[in-house]
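Summary of the model geometry
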Amino acid sequence: MRVAIIGGGAAGLICACTLGEKKIDVTVFEKNDRVGKKLLSTGNGRCNMTNLGAMPEDYFDSAEFVAPAFQKYPPQSNIAFFEERGLYTRADGEGRVYPLSNQASSVLDCLRLECERLSVRFSCSCDVKTVEKKGGSYVVNGKDVFEKVVFACGGRASVKDFNSYSLLAPFGHKATKTAPSLVRLVTDDKMTKQLKGIRAAVSMTLCSKGKKAATESGELLFSDFSLSGIVSMELSSFVSHLKLSGKNDFSVEVDFVPEMHFEKLLSILSDLAGRSGLKSENLLSGLMPKKIGICLLKKAGISPEIPMNTLLQNQLRDITALCKKCVFKITDVGPFSQAQVTVGGINRNDFFETTLESKKHKGLYCCGEMLDVDGKCGGYNLQWAFSSGRLCGESIIRESRK
């Protein structure tokens, strides 16, 4: 049996390894000059491979669809897959799993070398233009014939001139509406420009038309008219999903001191103000980066230059309120070119969730980000890539034995 895998990313490579283990003839087609380029940039170059706590419920409206892949290949199974091939990992306090080397290249090397050991063929710098079905076979670019074909082309995120969805159009498989995910949040608030490059540990709540939609905690990074950092990227997924469902009018409420409730923080600020003759610009410097504190004072209409001990109780309440709830209107999310993941993709309802085989064409499979499945930030999307790639491979192996 000959199998074509279109796309040499995380899902495609692990699928190739799974098939190669059973001596199945596999060719991976990759349009770049080498496989796994996108994998090298994941996790800021460290590759957040999976998350120990990943569950189907972490995949928005796809929980039922991803459940079979997670049942067969949960996070620990994927970790074991790599350890059996010499790649060891560590997990942080949030359950995010990284290679011990702290380098994404270690993950790619593990997959690439395993493919080479198993005699998987790589056809790099090969842009697949057509896949046609002739009889019971599939023909790639009008010449190479295969019994099975796996589409693992990824999504639109961080890809120039993406057109892979069109490869499935002749088979009646269409893409849903798409949007960027795990990307910065765009705002028109000038405060972000003043705080460019400043980071803070916060709790942030997304609201749509005033109603709370999601809350995340983590690092916030300010940039020109945008909010970045892991907490913003996590909430961008919710923004994109809500936008695709017709929702709009977004804002985020930032809590700069999530460790303290309102009254405790007010008490601390009142005590500081009452026994200090320092300028007000120093009032919040023990709680957050000083520049953020100064911006909050100005937002409350208070000069940073006045002495702390002249602040009135109502002014301290206003400052406390802004520390606990500073609102930024969100006008959009960043573009696909800056995104890590795509919301949407090839309609998953046209594929069997237990095998990832097409319901329309026997021998045609789809896995990874190419399907309309996406998860939260923190290893969830690579977990899906690895689990779905292995499920595709296992499904093809089972079919070959019949």
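One structure accompanies this document, and this report is about it. (Residues numbered from 1 in each chain as written. Predicted model: local features only at pLDDT ≥ 70, side-chain atom pairs only at ≥ 80, totals over all residues. Heavy atoms only, no water.)

Across its full length, the protein carries ten helices and 19 strands. In terms of principal-axis extent, the alpha carbons of the protein reach across some 85 × 45 × 35 Å. Classification of the 402 residues of the protein by burial places 56% in the buried group. A separation threshold of at least 6 residues defines the contact pool for the protein, and within that pool the share at least 24 residues apart is 74%. If you sum the accessible surface of the protein, you get close to 17300 Å²; carbon and sulfur atoms cover 49% of it. Looking at charge distribution, the protein has the averaged site of its 54 positive side-chain charges lying 2 Å from that of its 44 negative ones. (Helix = DSSP H or I, 4+ residues; strand = E, 2+ residues; numbered from the N terminus. Buried < 20%, exposed > 50% of the residue type's maximum accessible area, 1.4 Å probe, protein only. Contact = heavy atoms within 4.5 Å. Areas by Shrake-Rupley, 256 points an atom, 1.4 Å probe, with all protein chains shown as cover. Lys, Arg positive; Asp, Glu negative; His and termini not counted. Charge placed at Lys NZ, Arg CZ, Asp CG, Glu CD.)

A separate point is the packing of aromatic side chains. Applying the stated criterion across every chain, the model contains twelve aromatic pairs. Aromatic rings pair up to connect Tyr59, Phe70 and Tyr380 into one cluster. The ring of phenylalanine 81 carries the charged tip of arginine 85 above its face, separated from the ring centre by 3.8 Å. Over the face of the ring belonging to phenylalanine 352 we find lysine 359, whose NZ or CZ atom lies 5.8 Å from the ring centre. (Phe/Tyr/Trp six-rings, centres within 6.5 Å; stacked < 30°, edge-to-face > 60°. Lys NZ or Arg CZ within 6 Å of the ring centre and 35° of its normal.)

Strand order in the open sheet formed by three strands is 7-8-9, and the pairing between neighbours is antiparallel. Strands at the two margins of the open sheet, each flanked by one partner only, are strand 7 (131-134) and strand 9 (144-146). Averaged over all neighbouring strand pairs, the angle between strand axes comes to 30°, with direction disregarded. Here four bridges tie strand 7 to strand 8 (residues 137-140), and the two strands are oriented antiparallel to one another. (Pairing = 2+ DSSP bridges. Axes fitted to C-alpha atoms, helices over the stretch in contact; angles between N-to-C directions.)

Looking now at the side chain of threonine 27. For threonine 27, the position within the fold is in strand 2 (residues 25-29). Here the side chain of threonine 27 touches arginine 121 through a polar contact of 3.5 Å, side chain to side chain. (Polar contact = N/O pair within 3.5 Å; in protein donor to acceptor, adjacent residues only side chain to side chain.)

What follows concerns the environment of valine 373. Relative to the assigned elements, valine 373 resides in the loop between strand 19 (364-366) and helix 10 (380-400). Taking the C-alpha atoms as reference points, valine 373 and valine 66, separated by 307 residues in sequence, lie 8.1 Å from one another. When sequence neighbours within four positions are dropped, the list of residues in contact with valine 373 reads Tyr59, Ser62, Phe65, Val66, Thr342, Arg348 and Trp384.

The next subject is the pairing of strand 10 (residues 148-151). Side chains Lys148 and Val150 project from strand 10 onto one buried face, and the interleaved Val149 and Phe151 project onto a second face that is buried too. Looking at chain direction, strand 1 (residues 2-6) and strand 10 are connected through four bridges and run parallel. Bridged to isoleucine 6 within strand 10 is phenylalanine 151.

Attention shifts here to helix 2 (residues 63-72). An α-helical turn contains 3.6 residues, so any two residues separated by three or four positions project in the same direction. Of the positions making up helix 2, those classed as buried are Phe65, Val66, Pro68, Ala69 and Phe70. Elements in contact with the buried residues of helix 2: helix 10.

It is possible for side chains bearing opposite charge to pair when their charged atoms get close. A complete count under the given rule lists 29 salt bridges for this structure. A salt bridge links glutamate 116 to arginine 112; the shortest N-O distance between them is 3.3 Å. Here glutamate 116 pairs with arginine 112, and both are found in helix 4 (residues 104-117), just four residues apart, close to one helical turn. Given the relative accessible area of 44%, glutamate 116 is considered partly exposed. Salt-bridge contacts for glutamate 394 lead to arginine 398; the nearest nitrogen and oxygen are separated by 2.6 Å. In this pair, glutamate 394 and arginine 398 both sit in helix 10, four residues apart, roughly one turn of the helix. Taken together, the shared-partner salt bridges in this structure form one network comprising Glu21, Glu84, Arg85, Glu114 and Arg117. (Salt bridge = Lys/Arg side-chain N within 4 Å of Asp/Glu carboxyl O.)

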